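Breakdown of the fold
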Amino acid sequence: MLAAFASAAPDAIVHIDGGGRVLFWNNAAEKMFGYSFDEVRGKELHLFVLPQEYHDIYRSGIKKFTETGEGPAIGKTYESVAVKKDKTRFQVEISTTAARLEGNWHAIAILRDVSKTKAVENSLRESNILLMEEIKKRDETEEFLRESQHFVQSIADLNPNVLFIYDLAGHQVVYSNRQMLKILGYDSSEIKKFDNWTLVKLIHPDDLPSLISMKERFLALKDGEILEIEYRMKDSRGQWHWLRSRDTVFTRNPDGSPSRILGSALDVTEQKAVEKALLEREERFRKIFEEGPIGIALAGRDMNFIKVNPALCRMLGHTEDELNSMSVADISHPDDMRLNIQKRELLYSGDIPYFQMEKRYIRKDGTLIWANLTGSLVRDEEGSPLYFLGMIEDISARKKVEEDKALLAAAVESSVDAMTVAGLEGNIQYVNESFERISGSTKDEMLGTNIKDMTRNPGQEASFEDVFNATIRTGNPWTGRFQINNKDGVALMVEETIAPVRDYMGQVTNVVVITRDITEKLRLESIAEAVNTMDNIGYVFSGIRHEIGNPVSSIKMALSVLKTKMESGFKREVIDTYLDRALAELSRMEYLLKMLKSFNVHETPELKDVEIIPFIDNFHSLIVEDFKRKGIKIMTSIQPGAEYFYADPRALQQVLLNIVTNAADALKDRTAPRIDIKIVKMPGHILIHIQDNGCGMTPNQLRDAFRPFYTTKPEGTGLGLMLARKMVTKMNGTIEISGEQGVGTAVDVFIPEGGDGK
Ligand code: ADP
Ligand code: MG
């Protein structure tokens, strides 16, 4: 009966022995905890029904109970938390009784689920409290309302945003806080009177469409939801303000549609400007980095690249990926690394804010480029280094110019031609080594003196000063010849080029004078020219055509006049004049032909030792009669030691005849005319010096005297000197003519020495 009662009981009944093991577990217990009796039988109770956290305290209670039959829970009714098989927790009321069976303490517990009762109890208590509070609140309401209105007003006015309430039906701003006046300049009572159109006109036209489209979204807006929108609004002074507005539904119509909108707008004009400026700056930096011509690299403390820009990639011929996996050392010339590292250390130690150095980089193809590196550190906010920033500028072109310049300077300095750089006034600023050699004056002597003060005998029409000034005036270079005397008084023939030097603006700032000593060259040239002249057949033919053509046409004219006038009874004297003229022309042609023949006769001279004294004596006797008749005094002297020519005597005689004939021509109508012939022994040569005190020659005549057919005489052939030079050259000698107008002329003939001195 007891068992039946226990099974049917609505409360859970559990019987445990002194060890806490379950001996009985009724139906209600099975239902309450979810475990069947079989599941828990003989096992410790607390493992099934008590939450983990109570296990310790329970075990110590059981231990005491086993020994004494007493415990804090025995004989009492109390509440506790229990746990079901499905782990849900619930409140139970427990009554425990102790019983001694066969000398051991047992316990019987009756458990009741009180969760529901508890819930009801709790809610009752709470509603009671609420009721009490409500009553208290009502007492405070009136004051609270007053306070809260003030509170709201203060908040609204303290708020940095423009707060407003917009009535959708009336299209009016029905409330606005003080910021409306402060930021936009509209008094709240003033703005309340603005109608829809006035308000629309305050909105920037570009922003109107998006504002209007907002209306749709307001209609769908739930309570507490916020719409955010940015637009421009005109203040009372006509200035635009960017507003960032957060709007929400403030009140609704009975049908639930919004009637009023509460908005809170922040003036973000300045922020926008700053944002824009920032964006622009970022864009600028990006542009410089991405598109700029200067290589930029970020590198770590370990010198590995972190980021490189396209300009650097181009400069080095590497791709970005390649460089990103390389280090500074990989692309630097090893000789420059030590200095580079030193400078980086100074940078990292904070001793210098940045550095600059010129260094060589190695391109992918192995070639080197020169670049100017500017290094600095990018630091974080605390000032500790983040990374190394390098700006790399390709200066190969500049380096090349520098190298070229150095090369040029060396070239100028070592040039065989003398170079002088002078200012526009002619003041000498620079002369090179060759100048010293040619002029015989040192650099120090020359610097500061004026180039125009150096004596230059004009070889041509213009004076040095004239061409120097013309070069500055016209900006065109000039080339021509001058005769200068070096420091020792030796006359030199020079070819000079006077050229303007311009600055980068094209202005002439200096003049450079290049002086080339052509004395020797001219001597060689005159020999070559003499040989070549006769080869120049065209030139000779045109001369002959002219020389023979004139007499021929003159004779032809005389004869045809005679023929037509013969019948008409010409006077005897007139016929004579015409015939004489024709005969004169014929003898001139005869002479010319003789000259040309003599040229051919000595085409290949027969060189041999010629004893000087008998040769000169013979020559003297040949001409002396003729010269005496002309009233010319002729003197010959032979220096002791001058014994033999090595020459063709017939050719040499012809040469000397030509020379003295010219001298005789020059001595016509001169007072005390004389010719001095001196024979001087030189090392390896015999000099025949023939001097007259005749009319002399101009520089132009001196220059042209040896040209074929050049003559200043009405009856001249212009072949004498040319033939003389031709013959002398064939005999391995030289011939020069010099002199001064109105004073006289000298001809120097150098003939190789014969006999023992050969
Ligand atoms: P040509 O006697 O037929 O004129 P040359 O070749 O002998 O031709 O001489 C060329 C020119 O050189 C002469 O016309 C003259 O102007 C000049 N010349 C030569 N010798 C003398 C001299 N001793 N004095 C002055 N002028 C001279
Ligand atoms: Mg002559």
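Owing to the predicted nature of the structure, the values given are computational and were not obtained by experimental measurement.

**Considering the packing of helix H24 (residues 649-666) against helix H26 (residues 720-730)**
One way to put it is that H24 packs onto H26 with a least axis distance of 9 Å and a crossing angle of 150 degrees. By the angle between their directions, the pair H24 and H26 is classed as roughly antiparallel. The hand of the H24/H26 crossing is left-handed. Residue-level inspection shows Ala651, Gln654, Val655, Asn658 and Asn662 of H24 in contact with H26, the latter providing Gly720, Leu721, Leu723, Ala724, Met727 and Val728.

**As for the environment of lysine 272**
Mapped onto the elements, lysine 272 comes out in helix H11 (residues 269-291). Its relative accessible area of 22% is what places lysine 272 among the partly exposed residues. Taking the C-alpha atoms as reference points, lysine 272 and leucine 243, separated by 29 residues in sequence, lie 9.8 Å from one another. Not counting the four nearest positions on each side in its chain, lysine 272 is found in contact with Glu230 and Trp242.

**A closer look at the site of ligand 1**
Taken together, 20 residues lie near ligand 1, and Asn662, Asp692, Thr711, Thr712 and Lys713 sit nearest. A distance of 2.8 Å is found between a nitrogen atom of ligand 1 and a side-chain nitrogen or oxygen belonging to aspartate 692. Between glycine 718 and ligand 1, the recorded distance is 3.0 Å, taken from a backbone N or O atom to an oxygen atom. The protein chains hide 95% of the 530 Å² of surface that ligand 1 would expose on its own. Judged by the proximity of its atoms to the pocket grid, ligand 1 belongs to the second largest pocket. For the shell around ligand 1, the secondary structure elements donating two or more residues are H24 and H26. Looking at the shell around ligand 1 element by element, the count peaks at 3 residues for H24. Of the residues in the shell around ligand 1, the class split is 8 nonpolar, 10 polar and 2 charged.

**A few points about helix H5 (residues 55-68)**
Side chains that are three or four residues apart share a direction in an α-helix, a result of its 3.6 residues per turn. Between its first and last C-alpha atoms H5 spans 20 Å; for 14 residues at 1.5 Å apiece the expected length is 20 Å, and the two agree. Within the span of H5, buried status applies to His55, Tyr58, Ile62 and Phe65. Looking straight down H5, one finds its buried side chains confined to an arc of 85 degrees; they lie on one side. Counted as exposed and oriented over 90 degrees from the buried face of H5: Asp56, Ile57, Lys63 and Glu67. Where H5 is buried, its residues meet strand E1 (12-16), helix H4 (46-49), strand E4 (89-101) and strand E5 (104-113). Positioned one or two residues after H5, glycine 69 has a phi angle of 80 degrees, which is positive.

**Observations concerning the packing of helix H23 (residues 612-630) against H24**
Contact geometry of H23 with H24 gives a least axis separation of 11 Å together with a crossing angle of 25 degrees. As far as their axial angle goes, H24 and H23 are roughly parallel. Judged by the twist between their axes, the crossing of H23 over H24 is right-handed. Contact residues: H23 offers Phe615, Asn618, Phe619, Leu622, Ile623, Phe627 and Lys630, while H24 offers Pro649, Leu652, Gln653, Leu656, Leu657, Val660 and Ala664. In terms of residue class, the contact of H23 with H24 is made up of 11 nonpolar, 2 polar and 1 charged.

**Considering the pairing of strand E10 (residues 258-267)**
Pairing of strand E6 (residues 162-167) with E10, which is carried by 6 bridges, proceeds in the antiparallel orientation. Each bridged residue has a counterpart across the sheet, and for leucine 163 the counterpart in E10 is serine 264. Between the end of strand E9 (residues 240-252) and the start of E10, which pair antiparallel, lie 5 residues, with glycine 256 showing a positive phi angle near 95 degrees.

**Some remarks on the domain arrangement of the chain**
Each assigned domain of the chain is listed here: domain 1 (2-158), domain 2 (162-272), domain 3 (292-399), domain 4 (415-517), domain 5 (523-599) and domain 6 (601-752). The C-alpha-based centres of domain 1 and domain 2 are spaced at 59 Å.

**Considerations on helix H15 (residues 334-348)**
Here H15 is 15 residues long and its end C-alpha atoms lie 21 Å apart, about the 21 Å a rise of 1.5 Å per residue gives. Regarding H15, the residues found buried are Asp336, Met337, Asn340, Arg344, Leu347 and Tyr348. Summarising the axial view, the buried residues of H15 lie within an arc of 105 degrees, below the 170-degree limit, and thus occupy one face. Exposed side chains of H15 directed beyond 90 degrees from the buried face belong to Asp335 and Arg338.

**Looking at a nonpolar patch on the surface**
On the surface, Phe151, Val152 and Ile155 cluster together into a nonpolar patch covering about 290 Å² of accessible area. Position of phenylalanine 151 relative to the elements: it lies in helix H6 (residues 115-158).

**So, the sheet that holds strand E2 (residues 22-25)**
Sheet strands pair by backbone hydrogen bonding; their relative direction is either parallel or antiparallel. Taken together, 5 strands build an open sheet; the order of strands is E2-E1-E5-E4-E3 and the sheet is antiparallel. One side of each edge strand has no neighbouring strand; the edge strands of this open sheet are E2 and strand E3 (77-83). Taking the axes of each pair of neighbouring strands and ignoring which way they run, one obtains an average angle of 30 degrees across the sheet. One ladder, built from 5 bridges, connects E1 with E5; its direction is antiparallel. The residue bridging alanine 12 from the neighbouring strand is leucine 111, located in E5.

**Let's talk about the sheet that holds strand E23 (residues 633-638)**
One open sheet accounts for 5 strands, arranged E23-E25-E26-E28-E27; its pairing is mixed. The strands lining the two open edges of the sheet, one partner per strand, are E23 and strand E27 (734-740). Neighbour-to-neighbour, the strand axes of this sheet turn through a mean angle of 15 degrees, independent of strand direction. Bridging between E23 and strand E25 (residues 674-682) involves 6 bridges; their strand directions are parallel. Its bridge partner lying in E25, isoleucine 634 is registered against isoleucine 675. Where H23 meets the sheet, it contacts E23, E25 and strand E26 (685-692), and its direction lies at approximately 175 degrees from that of E23. Across the sheet, H24 touches E25, E26, E27 and strand E28 (744-752), and the angle it forms with E26 is around 20 degrees.

Reading the values: rules and limits
Residues numbered from 1 in each chain as written. Chains lettered and ligands numbered in written order. Predicted model: local features only at pLDDT ≥ 70, side-chain atom pairs only at ≥ 80, totals over all residues. Heavy atoms only, no water. Axes fitted to C-alpha atoms, helices over the stretch in contact; angles between N-to-C directions. Helix = DSSP H or I, 4+ residues; strand = E, 2+ residues; numbered from the N terminus. Parallel < 35°, antiparallel > 145°, perpendicular 65-115°, else oblique. Left-handed = near helix turned anticlockwise from the far one by under 90°. Contact = heavy atoms within 4.5 Å. Buried < 20%, exposed > 50% of the residue type's maximum accessible area, 1.4 Å probe, protein only. Near = heavy atom within 4 Å. Polar contact = N/O pair within 3.5 Å; in protein donor to acceptor, adjacent residues only side chain to side chain. Areas by Shrake-Rupley, 256 points an atom, 1.4 Å probe, with all protein chains shown as cover. 1 Å grid on protein atoms, 1.4 Å probe; cavity = no way out; pocket = protein on both sides within 12 Å on 5 of 7 lines; lining within 4 Å. Sits in = over half its atoms within 2 Å of the grid points. Nonpolar A, V, L, I, M, F, W, Y, C, P; charged D, E, K, R; others polar. Expected span 1.5 Å × (residues − 1). Arc of directions from axis to C-beta. Pairing = 2+ DSSP bridges. Domains from an automatic or database assignment. Patch = residues over 30% accessible without salt bridge, like charges linked within 9 Å, V, L, I, M, F, W, Y side chains within 5 Å. Salt bridge = Lys/Arg side-chain N within 4 Å of Asp/Glu carboxyl O.

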